[in-house]
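The chain contents come next:
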Amino acid sequence: MAKLAVPLLIFFFLLSCIPSQAAPPLQTPLQTPIQKDHSTSQYIITAYLKTPLMPTKLLLDLGATYSWVNCDDYISSTYQHVPCNSSIANSLGSYGCVDICDGPPGPNCANNSFLFLPDNPIKPVDYKKVNGLNDALVDYLALLNTLGSLSSIDNFIFSCARTGFLKGLAKGVTGLASLGNSNLSIPVQINKAFSSSPNCFAMCLSGSISQPGVALFGSKGPYNFLHGIDLSKSLLYTPLIFNPLGRDAVPNTHTLSPEYYVGLTAIKVNGKMVAFNKTLLAIDGQSGSGGTRISTVVPYTKLQSSIYKAFTLAFLREAASSAFNLTTTKPVKPFRVCYPASAVKTTQMGPAVPIIELVLDRQDVVWKMFGSNSMMRVTKKSVDLWCLGVVDGGAIDGPSIMIGGLQLEDNLLQFDLQSKKLGFSSSILSKGTNCADYKFPTRKV
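Residues numbered from 1 in each chain as written. Predicted model: local features only at pLDDT ≥ 70, side-chain atom pairs only at ≥ 80, totals over all residues. Heavy atoms only, no water.

(A) Broad picture of the sheet that holds strand β27 (residues 375-380). The sheet built from three strands is open, its strands ordered β22-β28-β27 with antiparallel pairing. If you trace the sheet from one side to the other, it starts and ends with β22 (338-340) and β27, each paired once. Along the sheet, successive strands turn relative to each other by an average axial angle of 30 degrees, direction set aside. When β22 meets strand β28 (residues 383-388), the two strands line up antiparallel, connected through three bridges. Its bridge partner lying in β28, proline 340 is registered against leucine 385. (Pairing = 2+ DSSP bridges. Helix = DSSP H or I, 4+ residues; strand = E, 2+ residues; numbered from the N terminus. Axes fitted to C-alpha atoms, helices over the stretch in contact; angles between N-to-C directions.)

(B) Representation of a nonpolar patch on the surface. Among the surface-exposed residues, Leu117, Tyr127 and Leu133 lie close enough to one another that they form a single nonpolar patch of about 240 Å² accessible area. Relative to the helices and strands, leucine 133 is located in the loop between β8 (113-116) and β9 (134-144). Take leucine 133: its relative accessible area is 32%, and that puts it in the partly exposed class. (Patch = residues over 30% accessible without salt bridge, like charges linked within 9 Å, V, L, I, M, F, W, Y side chains within 5 Å. Areas by Shrake-Rupley, 256 points an atom, 1.4 Å probe, with all protein chains shown as cover. Salt bridge = Lys/Arg side-chain N within 4 Å of Asp/Glu carboxyl O. Buried < 20%, exposed > 50% of the residue type's maximum accessible area, 1.4 Å probe, protein only.)

(C) Quick peek at the pattern of salt bridges. According to the stated counting rule, one finds eight salt bridges in the structure shown. Two residues, aspartate 392 and arginine 336, come together in a salt bridge whose shortest N-O distance is 3.3 Å. Of this pair, aspartate 392 sits in strand β29 (residues 390-392) while arginine 336 sits in the loop between α3 (305-319) and β22, and the two are 56 residues apart along the sequence. Classification of aspartate 392 by relative accessible area gives partly exposed; the value is 26%. Note that arginine 362 and aspartate 364 form a salt bridge whose closest N and O atoms lie 3.1 Å from each other. Given a relative accessible area of 54%, aspartate 364 falls into the exposed group. Salt bridges here are not isolated pairs; linked through shared partners, they connect Asp361, Arg362 and Asp364.

(D) Layout of the environment of serine 39. Tracing the sequence through the fold places serine 39 in the loop between β2 (30-37) and β3 (42-49). A relative accessible area of 67% places serine 39 in the exposed class. Within the structure, the side chain of serine 39 is placed 2.6 Å from the side chain of aspartate 37, a separation counted as a polar contact. (Polar contact = N/O pair within 3.5 Å; in protein donor to acceptor, adjacent residues only side chain to side chain.)

(E) Structural detail: the packing of aromatic side chains. On inspection of all chains with the given rule, the structure shows 17 aromatic pairs. An aromatic cluster is built from Phe201, Phe217, Phe242, Tyr260 and Phe415, whose rings are joined through pairwise contacts. Just above the ring of tyrosine 237 sits the side chain of lysine 421; from NZ or CZ to the centre is 4.7 Å. (Phe/Tyr/Trp six-rings, centres within 6.5 Å; stacked < 30°, edge-to-face > 60°. Lys NZ or Arg CZ within 6 Å of the ring centre and 35° of its normal.)

(F) Quick peek at α3. Here α3 spans 21 Å end to end across 15 residues, near enough to the 21 Å set by a 1.5 Å rise per residue. Within α3, the full set of buried residues consists of Ile307, Tyr308, Ala310, Phe311, Thr312, Ala314, Phe315, Glu318 and Ala319. (Expected span 1.5 Å × (residues − 1).)

(G) How the structure looks around the sheet that holds strand β26 (residues 366-369). The strand order across the open sheet built from four strands is β19-β18-β25-β26, with neighbouring strands paired in antiparallel fashion. Each edge of the open sheet carries a strand with a single partner, namely β19 (272-273) and β26. Note: strand β25 (residues 356-359) against β26, four bridges, orientation antiparallel. From the neighbouring strand, leucine 358 faces β26, where its bridge partner is tryptophan 367. Contacts from α3 reach β18 (266-269), β19 and β25, with the element oriented near 25 degrees to β18. (Contact = heavy atoms within 4.5 Å.)

Encoded structure:
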């Protein structure tokens, strides 16, 4: 019989009672490649789980509270369930406990076991067909360190999930990697295991067809790319904002959403201000809607309909000016603004189109998006187009602006969870490098 779980504080107290081995010194940063699956536009990291350690492909999600892994075929000699008691959770209403499991014992089933309620951000789970509440597990997680060997956490906390949770995920992916602002996310658990390292992570999504980008944990730099370039020196900073009413937030408590928002104040196209209702840029205190969120599970930036209309009109006007002289052609879904590829010039920064500027908390803190981040190449059959990679997000039901994967590629982003600020580089193509140029250490067997 299921019942609500203990509060998170008691949960971690119980977890501390589970025996663990001393962790080796951390050689920061821990790192993992981020591979883009081009058939789904999903970003995938490879972590090492279980005993013996096995490479595991996980969907990268900046907005998740905790990670989850398909446990229907989970085999490890070191996993443990998390025990729970009968106390009622006053801040974790979506979690629970099970007294007696009615199935065969294993990773998915144990008596007196703490439960999570994982979700799939790509394709909503049909809880009528798939059991939503899943056992919490503790096991080893390891990532590559600067010496080329694996550094491990022996008490990594994550959720099991059934095979039905994998629908819509890229081939070979068996779970989800949480990089959200949560005590259970991968970067925060790394920081807890190696407390001498900063509570900080960085990521660089690759725009390459075949070569990966990188996620880096436990370091504020240097971030060394090829040609001796340290991208930690190229960052501007803006405060991170957390939604008190967003995903997994618990109203009337200090539990905020794990999702990352930034304080966008204006949008410019080719240096000219886009006129729209600026109140949409603030998070509504009653509903939690509005604001600007960063997402790795949305392939293209989404704009609330009125913002989208004003933005695309501004872009069309500037692209048609004498500086670019571009004329639209029949668009291809999901895009509404496309140009013949033959009419668009190519530069170091991608297709030559009007520059988009996101003005953040100060007028001099500007995230610039050049053609490589604003335009998507579409080639199929007899069609060869450059399309504006921004889509209409409809009416407000969540963020007014969601900055998606295309706009993040070949940008270095640093999430400083201690100082609650975002460092961003804008396109590193301007530095003569890209996210596929990160120098991974040679793997030691």
